[in-house]
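# Reading the structure
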Amino acid sequence: MAGQEDRRDRKEATRLFVAAAVAFILLVAMGVAGLYYFAEVMGSSDPFSGGLGLKNAALISFGVSFAAILVMTVVSGGDAILGELPFTIAGFLIFFVVFWLMIAWIF
């Protein structure tokens, strides 16, 4: 028979699986939305057009920065999440600004 600890472990494993599944579905949805937006922006490619501009570059940069920070957070394990939060936010803002200006400059 399953004891209390077995049931608690099963519930915790189920919660973790559901959380991972929801995160994966959201990541896929964001990727599909980003590809749709990117295809729409690049659909009418005119070699002499003005480029993306700061507004569109900011939208693309937000997605790229969010995905990069999300991957780094998941890979790091997040043992001390409250202690790492200011560094994560600062890293996101630095990624965002660098990607934003580079995308606007290059494209």
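What this report covers is the structure whose coordinates are included nearby. As the structure is a prediction and not an experimental result, all values here were calculated from the model.

Quick notes on the rules
- Residues numbered from 1 in each chain as written.
- Predicted model: local features only at pLDDT ≥ 70, side-chain atom pairs only at ≥ 80, totals over all residues.
- Heavy atoms only, no water.
- Helix = DSSP H or I, 4+ residues; strand = E, 2+ residues; numbered from the N terminus.
- Buried < 20%, exposed > 50% of the residue type's maximum accessible area, 1.4 Å probe, protein only.
- Polar contact = N/O pair within 3.5 Å; in protein donor to acceptor, adjacent residues only side chain to side chain.
- Phe/Tyr/Trp six-rings, centres within 6.5 Å; stacked < 30°, edge-to-face > 60°.
- Patch = residues over 30% accessible without salt bridge, like charges linked within 9 Å, V, L, I, M, F, W, Y side chains within 5 Å.
- Areas by Shrake-Rupley, 256 points an atom, 1.4 Å probe, with all protein chains shown as cover.
- Salt bridge = Lys/Arg side-chain N within 4 Å of Asp/Glu carboxyl O.

Moving on, we get to the environment of Val 97. If you trace the backbone, Val 97 turns up in helix α3 (residues 81–106). When its relative accessible area of 39% is taken as the criterion, Val 97 is described as partly exposed. Residues Val 97 and Ser 61, spaced 36 residues apart in sequence, show a C-alpha to C-alpha distance of 7.9 Å.

Turning to the side chain of Ser 65, a few remarks are in order. Along the chain, Ser 65 turns up in helix α2 (residues 53–76). In this structure the side chain of Ser 65 is engaged in a polar contact, spanning 2.8 Å, whose partner is the backbone oxygen of Ser 61.

In this structure the tally under the stated criterion is five aromatic pairs. Aromatic pair Phe 62 and Phe 66: ring centres 6.2 Å apart, planes at 15°, arrangement stacked. One end of the pair is Phe 62 and the other is Phe 66, both in helix α2 and four residues apart, which spans about a single turn. A relative accessible area of 43% means that Phe 62 is categorised as partly exposed.

Take a nonpolar patch on the surface next. Taken together, the side chains of Leu 27, Met 30, Phe 62, Phe 66, Leu 70 and Val 74 define a hydrophobic patch exposed on the protein surface, amounting to about 530 Å² of accessible area. Of all the secondary-structure elements, those providing two or more residues to the nonpolar patch are α1 (4–43) and α2. Positionally, Leu 70 belongs in helix α2. Look at Leu 70 and you get partly exposed, because its relative accessible area is 34%.

This part covers the pattern of salt bridges. Pairing of side chains with opposite charge becomes possible as their charged atoms draw close. Scanning all chains against the criterion turns up one salt bridge. Across the salt bridge formed by Arg 8 and Glu 5, the nearest N and O atoms sit 3.8 Å from each other. Placement of the pair is Arg 8 and Glu 5 together in helix α1, with a separation of three residues, close to one helical turn. The residues Arg 8 and Glu 5 share a single accessibility class, namely exposed.

On to the environment of Gly 34, then. As for its placement among the helices and strands, Gly 34 is situated in helix α1. Sequence separation of Gly 34 and Leu 59 is 25 residues, and the distance between their C-alpha atoms is 9.3 Å.

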